[in-house]
Each structure stands twice: as C-alpha cells, then as structure tokens.
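Below, each chain spelled out in residue letters.
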Amino acid sequence: LAALAHATNLHWLFPVAIAVSRVGHTGFGLVAAQIVQQSVRQEEAGAVNACEISLSSFFELMTYALVMCFCARTEHFSRAIYWSLGVLLLALITYTCGVFRLKSEQGR
C-alpha cells in the first residue's frame with residue numbers, strides 16, 4: 001500500500017488509512033467495555049474492568065516482545081503475519097465455541 005501510494009503520488013493515503021483504522025479499533029474497544037460492564041454486577045465491575053485491561057496490556061506487551069525476538073530482521077516479518085493470523089484463528093474458534101456453549105445452555 002505504501003509503495004502504491006508513493007508511485008501514484010498518494011502519499012497522504014497511508015496516514016489517513018491508519019487514522020481511520022484507529023477510529024474503528026477505538027470504537028470496538030468502547031463497545032467491548034460496555035458489554036463487559038453490562039454483563040457484570042455493579043459491585044464487581046471495577047475489578048473485572050481492571051483485570052480485562054491488565055490482560056489486554058499484558059498480551060499487547062507480549063506481541064511487542066515476540067516481534068522484537070523473532071522478527072528482528074525485515075526478512076522475518078512474515079513470521080509476525082503468520083503469528084497474527086494464527087492468534088486470530090484461535091480467537092475465532094474460542095468465540096465460536098463459547099457462543100455454541102451459551103446457546104446450548106439457554107436451550108435447556
């Protein structure tokens with residue numbers, strides 16, 4: 001994308017695309033926090049929110065560490081891409097199993 005933008009004199013496209021993607025990411029984070037807050041009792045909401053934020057921060061830190069250790073050279077950047085795809089697939093499987101389990105419990 002960056003090479004295409006440079007070749008076609010659209011050098012402004014890449015920063016705009018990043019800004020737009022961050023808006024979507026922030027919106028998703030706010031919606032997820034709202035869902036968590038609504039599904040937890042009010043007296044436990046602070047502890048659950050703190051635990052969720054600490055876990056998110058830990059895994060973000062682990063992402064940085066993995067990239068620094070295994071993708072130090074630009075030739076190895078594909079490893080980070082494959083790692084990301086694997087983690088996304090694992091998240092999809094986990095979420096799907098949780099939804100099916102919840103639906104089967106509600107059907108009883």
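This text follows the structure it describes.
Residues numbered from 1 in each chain as written. Predicted model: local features only at pLDDT ≥ 70, side-chain atom pairs only at ≥ 80, totals over all residues. Heavy atoms only, no water.

**Concerning the overall build of the chain**
To be explicit about the condition: Secondary structure elements are defined from DSSP: runs of H or I of at least 4 residues count as helices, runs of E of at least 2 residues count as strands, and each element is numbered from the N terminus. For every residue, the accessible area (1.4 Å probe, protein chains only) is compared with the maximum for its type, and the residue is labelled buried under 20%, exposed over 50%, or partly exposed between those bounds. Note that accessible areas follow from Shrake-Rupley with a 1.4 Å probe, and for residues the cover is restricted to the protein chains shown.
Each helix and strand in the chain was counted, giving 4 helices and 0 strands. The N-to-C order of helical and strand elements in the chain reads α-α-α-α. Out of the 108 residues belonging to the chain, those deemed buried represent 5%. With an accessible surface of roughly 9,400 Å², the chain has 71% of that area assigned to carbon and sulfur atoms.

**Observations concerning the pattern of salt bridges**
Once their charged atoms are close, side chains differing in charge can pair, the charge on each being opposite to the other. To be explicit about the condition: Salt bridges are identified by distance alone: a Lys or Arg side-chain nitrogen within 4 Å of an Asp or Glu carboxyl oxygen.
For the coordinates displayed, the defined rule picks out 3 salt bridges. Note that Glu 44 is salt-bridged to Arg 41, the shortest N-O span being 2.6 Å. Its relative accessible area of 34% is what places Glu 44 among the partly exposed residues. Look at Arg 41 and you get exposed, because its relative accessible area is 52%. For Arg 101, the salt bridge goes to Glu 105, with nearest N and O atoms at 3.3 Å. Highlighted residues: Arg 101 and Glu 105, both in helix 4 (residues 77–107), separated by 4 residues, approximately one helical turn. Judged by relative accessible area, which is 55%, Arg 101 ranks as exposed. Residue class for Glu 105 comes out partly exposed when judged on its relative accessible area of 41%. One connected set of salt bridges, linked through shared partners, spans Arg 41, Glu 43 and Glu 44.

**Considerations on the packing of aromatic side chains**
Rules: Two aromatic rings from Phe, Tyr or Trp, using only the six-membered ring of Trp, form a pair when their centres are within 6.5 Å; if the ring planes differ by under 30 degrees the pair is stacked, by over 60 it is edge-to-face, and anything between is tilted.
The tally for this structure, following the rule as stated, stands at 1 aromatic pair. Between the aromatic rings of Phe 58 and Phe 59, the centroid separation amounts to 5.2 Å while the plane-to-plane angle is 70 degrees, which identifies the pairing as edge-to-face.

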